[in-house]
Amino acid sequence: MTVTILFLGPLRDAAGEESRAVPAPLDWTGLIGAVGTDIAQQLADDRVNIACGGRVLADKTSLQAKDGDEVALLPPVSGG
Amino acid sequence: MTVTILFLGPLRDAAGEESRAVPAPLDWTGLIGAVGTDIAQQLADDRVNIACGGRVLADKTSLQAKDGDEVALLPPVSGG
Amino acid sequence: MFEDIRLLDGPFDPQEIIQATADSTMSKGGVANFTGYVSSSGDVEALELSHYEPLTLPGMEDLARAARDRFDITAITIVHRLGRMVPGDPIVCVAAASRHRRDAINAVDFAMDHLKSAAWFWKRELRGGTWHWIEPRGADHSDLARWKSE
Amino acid sequence: MFEDIRLLDGPFDPQEIIQATADSTMSKGGVANFTGYVSSSGDVEALELSHYEPLTLPGMEDLARAARDRFDITAITIVHRLGRMVPGDPIVCVAAASRHRRDAINAVDFAMDHLKSAAWFWKRELRGGTWHWIEPRGADHSDLARWKSE
């Protein structure tokens, strides 16, 4: 009964790991609590997106991850 | 003391030869007389150009070819 | 319809890719192509591209479909590198074939403009022995806006 | 500045040409290309292109110069076939390299649009064992007009 949180790009460095398994279900408040203060602050940035089950959420605060879901934290893509 | 008249593209078929040497100098009236009725009629077409010494004449009736010049008769280029 | 949409984590030869796209349309018009190479601006020793697979390849496939719907093309190829590259390495290759030259060129232009928004890529550069993430780009809508009003 | 302007009366390999243009600009951005092939429309068995040499090659060289003046490019290549070809043979290959993708693509587009007016080519087709001259094209200024107002 777990959800996998996946850290992409620069967020992987901030998290110090590729992914983290947390208990399911997981909503926005649960996610904020699970990732630590540093990443929680970055998630507040409008340019940081969240995908659940392979789909980017239009409103990331509506996150409702179930058992087996992968929740990907997507920082802004790089320029250049 | 000759000018070489060069027939390009479809005009070559009409002329039955690649080129013809005629006495120098050669002006527009001389050219018309030298090429035969069929080609003379085609030369009247605005879309047929004349190059002398490697340059396309803005006004082909101003032709003044000297000894050694090459006068190229340029039919309209093909579409497609 | 020829379609070749790929993400590669090893080197590729753009000429092979263009050739395959061209072969698919031989005697039917022409092939347009754009190939991008890793820049050697500044003191960059290497470039690494990471992505989120469940989003990137479907995004590229949607983009190929959009190009096919919009332009009269007989082939579309979109190939993008991932992983670690050095300056001079090909990083992206887009090719389109059409009976009509303008459609082939416009399809390549369209695909390159939209690739940035279709793909989730994060880049970091190795400079002086240390990896640096490349900053997020600003709002970059002007390239895409070109295709809206037509 | 890399420049490769050629008229060929034998076959060519577009990939070799694109590769040479790309090599000249490696690690400096990208390369755009358009390659046209002899069509197999209808029952055409062969195509023959003749030209007036004192005008065609200088015309192509002037065109390359105009493209260099107009766009920020580091290489331009314009290669055109002459002589007898069969359907599927490459007939024209234009490639441009630039640090900026849009310049590379636009330079190729510009060169292709102007090539028709720069070059004095007469074409005839072999159909049913007989050669037929291809009719002159009508006023074809719309492609060129695209570049006037910019």
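Residues numbered from 1 in each chain as written. Chains lettered and ligands numbered in written order. Predicted model: local features only at pLDDT ≥ 70, side-chain atom pairs only at ≥ 80, totals over all residues. Heavy atoms only, no water.

## Points about the pairing of strand β4 (residues 75-81) of chain C
Looking down a regular strand, the side chains alternate between one sheet face and the other. Residues and elements named next belong to chain C. Within β4, seven of the seven residues are buried, which leaves it mostly tucked inside the rest of the structure. On β4, burial covers both faces: Ala75, Thr77, Val79 and Arg81 on one face and Ile76, Ile78 and His80 on the other are all buried. Relative to β4, strand β1 (residues 2-8) runs parallel, the two sharing seven bridges. Within β4, the residue paired with Phe2 across the bridge is Ala75. Relative to strand β6 (residues 90-98), β4 runs antiparallel, the two being bridged by six bridges. Within β6, the residue paired with Ile76 across the bridge is Ala96. (Buried < 20%, exposed > 50% of the residue type's maximum accessible area, 1.4 Å probe, protein only. Helix = DSSP H or I, 4+ residues; strand = E, 2+ residues; numbered from the N terminus. Pairing = 2+ DSSP bridges.)

## A short note on the nonpolar core
C:Ile78, C:Val94, C:Val108, D:Ile78, D:Val94 and D:Val108 are the most contacted members of the largest nonpolar core, which totals 67 residues. With 24 residues, the next largest nonpolar core counts C:Ile18, C:Val79, D:Ala22 and D:Cys93 among its residues. (Core = buried A, V, L, I, M, F, W, Y, C linked by side-chain atoms within 4.5 Å.)

## A short note on the packing of aromatic side chains
Within this structure, the stated rule accounts for two aromatic pairs over all chains. A centroid spacing of 5.4 Å and a plane angle of 70° characterise the contact between C:Phe71 and C:Phe110, whose relative ring orientation is edge-to-face. Of this pair, C:Phe71 sits in the loop between α2 (53-70) and β4 while C:Phe110 sits in helix α3 (residues 101-118), and the two are 39 residues apart along the sequence. According to the relative accessible area criterion, C:Phe71 is buried, its value standing at 9%. Here C:Arg124 stacks its cationic end above the ring of C:Trp133, 5.7 Å away from the centre of that ring. Cation over ring: D:Arg124 sits above D:Trp131, and NZ or CZ is 4.6 Å from the ring centre. (Phe/Tyr/Trp six-rings, centres within 6.5 Å; stacked < 30°, edge-to-face > 60°. Lys NZ or Arg CZ within 6 Å of the ring centre and 35° of its normal.)

## Side note on the interface of chain A and chain C
Counting from both sides, the interface comprises 19 residues of chain A and, opposite them, 15 residues of chain C. Of the roughly 1600 Å² buried where chain A meets chain C, counting both sides, 62% is carbon and sulfur surface. One can count zero salt bridges joining chain A with chain C. Put simply, chain A and chain C have four residue pairs in polar contact (both at pLDDT 80 or more) between them. Listed by contribution, the elements that provide at least two residues to the side of chain A that touches chain C are α1 (10-15), β4 (49-52) and β7 (70-74) of chain A. Looking at the side of chain A that touches chain C, the element that brings in the most residues is β7(A), giving three residues. When the residues that make up the side of chain A that touches chain C are grouped by side-chain class, the tally is 10 nonpolar, six polar and three charged. (Contact = heavy atoms within 4.5 Å. Buried area = accessible area lost by both parts, 1.4 Å probe. Salt bridge = Lys/Arg side-chain N within 4 Å of Asp/Glu carboxyl O. Polar contact = N/O pair within 3.5 Å; in protein donor to acceptor, adjacent residues only side chain to side chain. Nonpolar A, V, L, I, M, F, W, Y, C, P; charged D, E, K, R; others polar.)

## Examining empty space enclosed by the protein
This model, assessed by the stated rule, comprises one cavity of 30 Å³ or more. Each pocket or cavity is described by its volume, and for the largest cavity that value is around 50 Å³. Lining the largest cavity we find C:Ala32, C:Asn33, C:Ile105, C:Val108, D:Ala32, D:Asn33, D:Ile105 and D:Val108. Looking at the lining of the largest cavity, the elements with two or more residues in it are β2 (30-37) and α3 of chain C together with β2 (30-37) and α3 (101-118) of chain D. (1 Å grid on protein atoms, 1.4 Å probe; cavity = no way out; pocket = protein on both sides within 12 Å on 5 of 7 lines; lining within 4 Å. Points joined across faces, edges and corners; volume = space filled by probe spheres on them.)

## Some words on the arrangement of the chains
Across the three pairs of chains in contact, the largest number of contacts is found between chains C and D. Over all C-alpha pairs, chain A and chain B never come within contact, reaching a minimum spacing of 40 Å. Here chain B and chain C are not in contact; the least distance found between their C-alpha atoms is 11 Å.

## Focus on the interface of chain C and chain D
In this assembly, 31 residues from chain C lie in contact with 31 residues from chain D. Contact between chain C and chain D buries roughly 2600 Å² in total, counting both sides, with carbon and sulfur atoms accounting for 51%. Across the contact surface, chain C and chain D share eight salt bridges. With a shortest N-O distance of 3.9 Å, C:Asp109 and D:Arg101 are connected by a salt bridge. Taken together, the links from chain C to chain D amount to 12 residue pairs in polar contact (both at pLDDT 80 or more). Split by residue class, the side of chain C that touches chain D holds 13 nonpolar, 11 polar and seven charged. Here β2(C) runs beside β2(D); their pairing, made up of seven bridges, is antiparallel. Within β2(D), the position partnered with C:Phe34 by the bridge is D:Ala32.

## Brief notes about the pattern of salt bridges
Considering all chains together, one arrives at 24 salt bridges over all chains under this definition. In this structure, B:Arg20 and B:Glu17 form a salt bridge, with 2.4 Å as the shortest nitrogen-oxygen distance. B:Arg20 gets classed as partly exposed once you look at its relative accessible area, which sits at 22%. On the basis of relative accessibility, which here comes to 29%, the residue B:Glu17 falls in the partly exposed class. Across the pair C:Glu125 and C:Arg127 runs a salt bridge, and its minimum N-O distance is 2.5 Å. Residue classification places C:Glu125 among the buried residues on the basis of a relative accessible area of 16%. Through salt bridges with shared partners, a single ionic network connects C:Arg101, C:Arg102, D:Asp109 and D:Asp113.

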